[in-house]
Amino acid sequence: MIIKIRKNSDVPSSEITPESIYIDRRKFLGASAGIGAATFLGAGKAHAAPQDDEPNTWEEITSYNNFYEFGTGKGDPAKNAPDRLITDPWTVKVDGLCNNPADYHLEDFIKPSTIEDRTYRLRCVEAWSMVVPWRGFPLVDVIDRAEPTAAAKYVAFETLWDPEQMPERNWRPRIDWPYREGLRLDEAMHPLSLLVTGLYGKDLPAQNGAPLRLAVPWKYGFKSIKSIVRITFTEDQPPTTWATQTPREYGFYSNVNPDVDHPRWSQKTEKRIDSSKLFGSRRIDTQFLNGYADEVAHLYEGMDLRKNF
Ligand SMILES: Nc1nc2c(c(=O)[nH]1)N[C@H]1C(S)=C(S)[C@@H](COP(=O)(O)O)O[C@H]1N2
Ligand SMILES: [Mo]
């Protein structure tokens, strides 16, 4: 079955519940006043946006993490990564099907780009979410500089793997490290795809993937690979960590989609982390493509999103 790519504004009014994330434009424009960098939450668009997309606090964003190289508990990365992960010096290798392969010192890799602050929703495949004020620059900058050849169809990413720094504790079955991710070239070149260097205007903390990570806000969080050391242009779809580990449960595309459940849980709603609430979160509806459908749905036109999950 082809899932129709729908705009938020197409949602029939019968689906609009008090809890709903869909609100009308007038209401949203009123509600959005004062939220910085709101463009990338979808403001200014003639469609709806979720209620209450207040950025999460520094404390929430830096203490509740997934970074399995430093342990599988949500608190493990904050406990283990800052003292262990060495981020200076840092080298990023750009290679594969491109005219300008190179090994960059991080400073030289970042220097040509204009750094901006962008607030994005982050939706984990485990059905929790946050709103994060990232700092970074468009991935397309790096792709343009590398000049991929006509044969390049995908971009593969690798995280640092150093067992000395990364205890990988208590983790069975073992992952085939390094952590790997990938995007189709057109997804990677989309202006929303961000290479992240900071958070709340500060340097990126180790637990959030210092010194360089990806933020692809319309996809499940595991696509947003941390602590990147290698970017490779490929002709074939590159193997990615979770799709390799458990192909039945995690796909290459991993687009946020409330209509395609995980085999073991529903993806219709999510737990928005909110430490002001009694249980540390509140339940909200999940939006198709995490609310970025107007920007990116065209990338998937004609694709069966149940098959390409
Ligand atoms: N190298 C690496 N990158 C990773 C992960 C990981 O375990 N290792 N976890 C992913 C998952 S599942 C999520 S939800 C996000 C979490 O990012 P955050 O901790 O900054 O919120 O990082 C992603 N990037
Ligand atoms: Mo995740």
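Residues numbered from 1 in each chain as written. Chains lettered and ligands numbered in written order. Predicted model: local features only at pLDDT ≥ 70, side-chain atom pairs only at ≥ 80, totals over all residues. Heavy atoms only, no water.

(A) Broad picture of the sheet that holds strand 2 (residues 102-105). Pairing is mixed across the open sheet formed by five strands, whose spatial order is 2-1-10-5-6. This sheet does not close on itself; its edge strands, each paired only once, are strand 2 and strand 6 (180-184). Within this sheet the neighbouring strands show an average axis-to-axis angle of 15 degrees, counted without direction. Of the strand pairs in this sheet, strand 1 (residues 91-96) and strand 10 (residues 228-234) are connected by four bridges, and their pairing is parallel. The residue of strand 10 that forms the bridge with lysine 93 is arginine 230. (Pairing = 2+ DSSP bridges. Helix = DSSP H or I, 4+ residues; strand = E, 2+ residues; numbered from the N terminus. Axes fitted to C-alpha atoms, helices over the stretch in contact; angles between N-to-C directions.)

(B) Inspection of the site of ligand 1 at higher detail. Neighbouring residues of ligand 1: 18 residues in total, closest Asn65, Tyr68, Glu69, Thr159 and Lys226. Take tyrosine 68: an N or O atom from its main chain is 2.8 Å from an oxygen atom of ligand 1. Here arginine 213 contributes a side-chain N or O atom positioned 3.0 Å from an oxygen atom of ligand 1. Contact with the protein chains covers 97% of the free accessible surface of ligand 1, which is 530 Å². Split by residue class, the shell around ligand 1 holds nine nonpolar, six polar and three charged. (Near = heavy atom within 4 Å. Polar contact = N/O pair within 3.5 Å; in protein donor to acceptor, adjacent residues only side chain to side chain. Areas by Shrake-Rupley, 256 points an atom, 1.4 Å probe, with all protein chains shown as cover. Nonpolar A, V, L, I, M, F, W, Y, C, P; charged D, E, K, R; others polar.)

(C) Quick look at helix 3 (residues 76-84). Within helix 3, the full set of buried residues consists of Asp76, Pro77, Asn80 and Ala81. One side of helix 3 holds all its buried residues, which, seen down the axis, span an arc of 95 degrees. In helix 3, those exposed residues whose orientation departs by more than 90 degrees from the buried face are Lys79 and Asp83. (Buried < 20%, exposed > 50% of the residue type's maximum accessible area, 1.4 Å probe, protein only. Arc of directions from axis to C-beta.)

(D) Local environment of the pattern of salt bridges. According to the stated counting rule, one finds 20 salt bridges in the structure shown. For aspartate 53, the salt bridge goes to arginine 272, with nearest N and O atoms at 2.8 Å. With aspartate 53 in the loop between helix 1 (25-32) and helix 2 (58-63) and arginine 272 in strand 11 (residues 269-273), this residue pair connects regions lying 219 residues apart in the sequence. The exposure classification of aspartate 53 matches that of arginine 272, with both residues buried. The salt bridge involving aspartate 95 is made with arginine 230; its shortest N-O contact spans 2.7 Å. Taken together, the residues span a long stretch of sequence, with aspartate 95 in strand 1 and arginine 230 in strand 10 at a distance of 135 residues. Owing to a relative accessible area of 29%, arginine 230 belongs among the partly exposed residues under this scheme. (Salt bridge = Lys/Arg side-chain N within 4 Å of Asp/Glu carboxyl O.)

(E) Looking closely at the environment of glutamine 237. Within the secondary structure layout, glutamine 237 lies in the loop between strand 10 and helix 7 (241-245). For the pair glutamine 237 and alanine 156, spaced 81 residues apart in sequence, the C-alpha to C-alpha distance is 8.4 Å. If we ignore the near neighbours within four places in the chain, the residues touching glutamine 237 are Tyr154 and Phe252. (Contact = heavy atoms within 4.5 Å.)

(F) Main features of unusual backbone geometry. The residue after aspartate 88, namely proline 89, is reached through a cis peptide bond having omega 5 degrees. As for its position among the elements, proline 89 is in the loop between helix 3 and strand 1. Residue alanine 210 is joined to proline 211 through a cis peptide bond whose omega torsion reads -5 degrees. Along the chain, proline 211 turns up in the loop between strand 8 (202-203) and strand 9 (213-215). We note that glutamate 147 has phi near 55 degrees; this positive angle belongs to a residue other than glycine. Along the polypeptide, glutamate 147 turns up in the loop between helix 5 (139-146) and strand 5 (154-159). Glutamate 147 sits in the partly exposed class, given a relative accessible area of 40%. In the Ramachandran plot, serine 227 falls in the positive-phi region, its phi being about 45 degrees despite a non-glycine side chain. Tracing the backbone through its elements, the reader meets serine 227 in the loop between strand 9 and strand 10.

(G) Just the pairing of strand 11, in detail. In the sheet, strand 4 (residues 128-138) pairs with strand 11 via two bridges, with the strands oriented parallel. Paired with serine 129 across the strands is arginine 272, a residue of strand 11. Here strand 11 pairs with strand 12 (residues 281-285) via five bridges, running antiparallel. Along strand 12, the bridge assignment pairs isoleucine 273 with serine 281.

(H) Quick look at the packing of aromatic side chains. Applying the stated criterion across every chain, the model contains 13 aromatic pairs. Aromatic pair tyrosine 120 and tyrosine 292: ring centres 6.1 Å apart, planes at 75 degrees, arrangement edge-to-face. You can see tyrosine 120 sitting in strand 3 (residues 116-123) and its partner tyrosine 292 sitting in the loop between strand 12 and helix 8 (293-296), a full 172 residues away along the chain. Among the residues examined, tyrosine 120 registers a relative accessible area of 1% and is labelled buried. Arranged with centres 5.5 Å apart and planes meeting at 80 degrees, the rings of phenylalanine 222 and tyrosine 250 form a pair that is edge-to-face. Of this pair, phenylalanine 222 sits in the loop between strand 9 and strand 10 while tyrosine 250 sits in the loop between helix 7 and strand 11, and the two are 28 residues apart along the sequence. For phenylalanine 222, a relative accessible area of 10% gives the class buried. The exposure class assigned to tyrosine 250 is buried, which follows from its relative accessible area of 9%. Three or more aromatic residues link up through ring pairs in this structure, and these residues are Tyr68, Phe222, Trp242 and Tyr250. Over the aromatic face of tryptophan 58 sits the side chain of lysine 202, whose NZ or CZ is 4.8 Å from the ring centroid. (Phe/Tyr/Trp six-rings, centres within 6.5 Å; stacked < 30°, edge-to-face > 60°. Lys NZ or Arg CZ within 6 Å of the ring centre and 35° of its normal.)

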